[in-house]
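Listed here are the chains, written in short residue letters.
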Amino acid sequence: MDWDSKTDPKVIAWMAEFEVWRAELRAFAAAREAAWRSEAAHPLGPPPQRPRTDDHLTNTATQRDKLTEDDVRSIRRRHAAGEGRNALAERFGVSTRAINRIAARQLRANVPD
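Since the model is a prediction, treat every value here as computed from it, not as a measurement.

## Observations regarding the nonpolar core
Here's step 1: One finds Leu 67, Val 72, Ile 75, Leu 88, Ala 89, Phe 92, Val 94, Ala 98, Ile 99, Ile 102, Leu 107 and Val 111 forming the largest nonpolar core, which totals 12 residues.
Here's step 2: When residues of this core are traced back to their parent elements, those giving at least two are helix H3 (69-81), helix H4 (85-92) and helix H5 (96-103).

## Focus on the packing of H3 against H5
Here's step 1: H5 packs onto H3 with a crossing angle of 85° between their chain directions and a minimal axis gap of 9 Å. As the angle between them shows, H3 and H5 are arranged roughly perpendicular. In this structure, H3 contributes Val 72, Ile 75, Arg 76 and His 79 to the contact, and H5 contributes Ile 99, Asn 100, Ile 102 and Ala 103.
Here's step 2: Of the residues contributing to the contact of H3 with H5, the split by class is five nonpolar, two polar and one charged.

## With respect to the packing of H4 against H5
Here's step 1: Relative to each other, H4 and H5 sit at 105°, their axes nearing to 8 Å. Between H4 and H5, the crossing angle belongs to the class labelled roughly perpendicular. From H4, Arg 85, Asn 86, Leu 88 and Ala 89 reach across to H5, where they touch Thr 96, Ile 99 and Asn 100.
Here's step 2: When its residues are assigned to classes, the contact of H4 with H5 shows three nonpolar, three polar and one charged.

## A word on the packing of aromatic side chains
Here's step 1: Going through the model one piece at a time under the given rule, you end up with two aromatic pairs.
Here's step 2: Ring centres 5.5 Å apart and planes at 15° place the aromatic pair Trp 14 and Phe 18 in the stacked group. You can see Trp 14 and its partner Phe 18 sitting in helix H1 (residues 9-41), four residues apart, about one turn around the helix.
Here's step 3: With relative accessibility at 30%, the residue Phe 18 sits in the partly exposed group.
Here's step 4: Aromatic pair Phe 18 and Trp 21: ring centres 5.9 Å apart, planes at 35°, arrangement tilted. Placement of both Phe 18 and Trp 21 in helix H1 is noted, with a separation of three residues, approximately one turn of the helix.

Parameters and conventions
- For every chain, the first residue of its written sequence is number 1, and the numbers climb from 1 along that sequence.
- Residue-level local features of this predicted model are given only where pLDDT is at least 70; pairs of side-chain atoms are given and counted only at 80 or more, and the full residue set underlies all totals for whole chains, interfaces and linings.
- The basis for the side-chain values is all heavy atoms of the structure; hydrogens and waters are excluded.
- Put simply, buried Ala, Val, Leu, Ile, Met, Phe, Trp, Tyr and Cys residues joined by side-chain atoms within 4.5 Å make one nonpolar core.
- Working definition: with a 1.4 Å probe on protein chains only, accessible area under 20% of the residue-type maximum means buried, over 50% means exposed, and in between means partly exposed.
- Working definition: helices are DSSP H or I runs of at least four residues, strands are E runs of at least two. Numbering for both runs from the N terminus.
- What counts as an axis is a line fitted to C-alpha atoms, over the stretch in contact for a helix, and the angles between N-to-C directions run from 0 to 180 degrees.
- Roughly parallel here means an angle under 35 degrees, roughly antiparallel means over 145, roughly perpendicular means 65 to 115, and every remaining angle is called oblique.
- Contact between two residues is taken to exist if any of their heavy atoms lie within 4.5 Å; hydrogens are not considered.
- Classes in brief: Ala, Val, Leu, Ile, Met, Phe, Trp, Tyr, Cys and Pro nonpolar; Asp, Glu, Lys and Arg charged; the others, Gly included, polar.
- Classification of ring pairs uses Phe, Tyr and Trp, with its six-membered ring standing for Trp, and accepts pairs whose centres are within 6.5 Å; under 30 degrees between planes counts as stacked, over 60 as edge-to-face, and the remaining range as tilted.

Purely geometric stuff here, so don't read any function into it on its own.
Structure follows, in structure tokens:
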């Protein structure tokens, strides 16, 4: 009696089951590798965010050093009268963005009129 492994039904069933198991193992390995790569790229997760303070609404160190409260009042008054922001920035030695923020009370909001 000659035994042929290619035609034996038990061997064929076992090989089919083995191929299914092998495909599942490959899928698991691929998913684990993808997870490992993402963890390796960012082992600690996303970088922590700095807590936001209200400093941006009141003073910044550079503007506080450059402008007095009288300067801030003068900027607001002149801006309201229609003087250009470029001229005001040049006159007081600050940026045009600082002039806009002072006029809108986003910067140096603690200075009364």
